[in-house]
Each structure stands twice: as structure tokens, then as C-alpha cells.
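The residues making up each chain are set out below.
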Amino acid sequence: MTIETIGIIGAGQMGNGIAHVSSLAKLDVILIDNNPAQLTKALETIRANMNRQVKRGLITQADEDSAIKRIKTSNSLADLKPADIVVEAATEKEEVKKEIMRAVCPHLKAEALLASNTSSISITRLAAATDRPQKFIGMHFMNPVPLMKLVELIRGLATDDDTFSQVRDLAEKLGKTTATSEDFPAFIVNRILLPMINEAVYTLYEGVGNVDAIDTAMRLGANHPMGPLELADFIGLDVCLAVMQVLYEGLADSKYRPCPLLVKYVEAGWYGKKAGRGFYDYSGETPVPTR
């Protein structure tokens, strides 16, 4: 099977990014979300990001125009019937993802592949909620999708070789480099990255340094492009907490215990940049540390 049409469930930050790179790679895109306003916002984001690429000379205006025409939006899973592969990019909650898997399968053609963009949840467990575990795989894009080159590929227990090969070829067609991970909690990137972020939150919680000191220390002392607390805000503190909970519950090791301050920020709705407030306050022209 040649993958020519990709379905994407979830039109948030990750979903619109996957739609962006897929349409530029000359794939037909069916972008699904149950919120029509989110679909409108996703298309606006894609256009704005492509406009930046045009201005930088990375793509032509003709590239943008043809790519936008390839993206169709819908709030009905039934419209995924033509898709050769469907990538789920919904919220990082296992039950939500399983519910989507169960709901989408009856609408897919028999040969269609199914992937999840989960950043931490067991691919084997998600696959078990489908009618095609052998055709199911983890395809974890990095954020922001148009800029980040990596895609983690994660095989579940039942994933067959043909599915893995086709999805690896698809990732390369999208201009990505792949890294293959075993199906362990949080895979490779987040298994390493999120405990570092969690430790930075502990460093703040215990008063070792304030937000500015911690981020400055890691930017200049470790040559990181972003400080860990700034990066946490960019990822979303709710996502960071969800991944840490998967690690803590899945590996039963106290070193993965989410910092109580991270929990408190999420309880307050201070999710980071997308909420306008996290470890930084984004209400003004320049982000201001909240601690």
C-alpha cells in the first residue's frame, strides 16, 4: 500500500503541526476535531507558519497554496474512510485515546494503518483497544512539528514488520529522522527529558534557586537553548505532569515522583504558555517569572 492520504485526529498544537508537514509532503490530509473552532484555529496556525516559511525562502508561495488545498477538515470520524493511515494526536490521557481508537476503527478501510502520537503511553495497551493491533504503531512527533526533525517510532507487542516499514518510510517522506524505541513508559526522549524538568521544578520547590536563576543556569551552564522551566511552559505543565505520572506508575520508582509544585500549578490551571501563565506570566510583552 502506498500512503497517499493521512487522517489526523486532534487539531491542537501537535495535530496541526502533523497536518502542516504532511500537506507540504504532498499527502492529502483529513484533519478531525470535535470542536469546529479548533479546526478554524488550526488552519489559521498552519497558514501563519507556512507564511513564515515562505518569507524565509524555505518554501514557495505555490507550495503553500497547494498544501493548504490538500487539507480537509471535519468533525466526523466517518470522513476518515479514505485514509491510508490515521494518526491520533489527542490529549495525553490513556482512556481518551482508547475511546478514540474504539470509535474510529469501524470507519477505517481494512488495510488502513493506525498510529498514536502519544509521548508516553503504552503502545501495546492502546493497540489492544483497536481491531488491528498488528497495524498499530507509536509515531511520536516532537513539538513544534514543522521545526523538529525527530520522530520516535514505537512498536507494540503485535506491530508487524510491514507496518513498521511503511510508517518509517512515511516519516522520512515528511523530512524526519526516526529513532526506534521499545515500548517502555515515556520511550526515549521523555524518559530522559521529563525527569530533568521535574528535577528543575524540585529545585524551585526546595528554594535552591528562583525561576530566572534555574533557567539562566541551564541555558548558560549546560548550553541548553531553553531553560527547563521555560521548556516546561512550552510543552504544557499538564502534559509534563501526565508523562511523569506514566513514568511513576509504570516503573514504580520514587525517582519519577512528580514534584508537588508541578501538581499544584496544574491544579491551578497554570499550564504554561498556552494558558497564559505557568512558571512565567505571559500577559505582558515579556514573560515574567511567577516565582
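Predicted, not measured: the structure shown is a model, and the values here were computed from it. (Residues numbered from 1 in each chain as written. Predicted model: local features only at pLDDT ≥ 70, side-chain atom pairs only at ≥ 80, totals over all residues. Heavy atoms only, no water.)

**Overview of the nonpolar core**
- I6, I18, L31, I85, M139 and F141 are the most contacted members of the largest nonpolar core, which has 37 residues in total.
- In terms of residues, this core owes the most to one element, helix α2 (residues 36-55), which gives 5 residues.
- F141 has contacts with M14, I18, N117, L150, V151 and L174, leaving out every residue within four places of it along the chain.
- With 27 residues, the next largest nonpolar core counts A186, L241, Y265 and Y282 among its residues. (Core = buried A, V, L, I, M, F, W, Y, C linked by side-chain atoms within 4.5 Å. Buried < 20%, exposed > 50% of the residue type's maximum accessible area, 1.4 Å probe, protein only. Helix = DSSP H or I, 4+ residues; strand = E, 2+ residues; numbered from the N terminus. Contact = heavy atoms within 4.5 Å.)

**A closer look at the packing of helix α7 (residues 189-205) against helix α11 (residues 260-267)**
- As a packed pair, α7 and α11 sit with axes 8 Å apart at the nearest point and diverge in direction by 95°. By the angle between their axes, α7 is roughly perpendicular relative to α11. Along its contact with α7, which presents N198, V201, Y202, L204 and Y205, the element α11 presents P260, L261 and L262.
- Looking at the contact of α7 with α11 residue by residue, the classes come out as 7 nonpolar, 1 polar and no charged. (Axes fitted to C-alpha atoms, helices over the stretch in contact; angles between N-to-C directions. Parallel < 35°, antiparallel > 145°, perpendicular 65-115°, else oblique. Nonpolar A, V, L, I, M, F, W, Y, C, P; charged D, E, K, R; others polar.)

**Points about the UniProt feature "domain: 3-hydroxyacyl-CoA dehydrogenase NAD binding" (unreviewed entry) in the protein**
- When the UniProt feature table is mapped onto this chain, "domain: 3-hydroxyacyl-CoA dehydrogenase NAD binding" (unreviewed entry) is found at residues 5-181.
- Within the segment residues 5-181, helix and strand shares are 40% and 22% respectively, and the terminal C-alpha atoms sit 26 Å apart. (UniProt positions renumbered as here; feature names shortened; annotations may be inferred.)

**Observations concerning the UniProt feature "domain: 3-hydroxyacyl-CoA dehydrogenase C-terminal" (unreviewed entry) in the protein**
- Mapped onto the present numbering, the UniProt feature "domain: 3-hydroxyacyl-CoA dehydrogenase C-terminal" (unreviewed entry) falls at residues 187-282.
- As annotated, residues 187-282 has a helix share of 61% and a strand share of 2%, and its two end C-alpha atoms lie 31 Å apart.

**Re the packing of aromatic side chains**
- This structure, assessed with the given rule, holds 4 aromatic pairs.
- Note on Y202 and Y205: the rings are 6.3 Å apart at their centroids and 70° apart in plane angle, and the pair reads as edge-to-face. One end of the pair, Y202, and the other, Y205, are both in helix α7, 3 residues apart, so they sit about a helical turn from each other.
- We classify Y202 as buried; its relative accessible area is 11%.
- Overall, Y205 belongs to the partly exposed group, its relative accessible area being 43%.
- Aromatic rings pair up to connect Y265, W270 and F279 into one cluster.
- The side chain of R277 reaches across the aromatic face of W270, ending 4.1 Å from its centre. (Phe/Tyr/Trp six-rings, centres within 6.5 Å; stacked < 30°, edge-to-face > 60°. Lys NZ or Arg CZ within 6 Å of the ring centre and 35° of its normal.)

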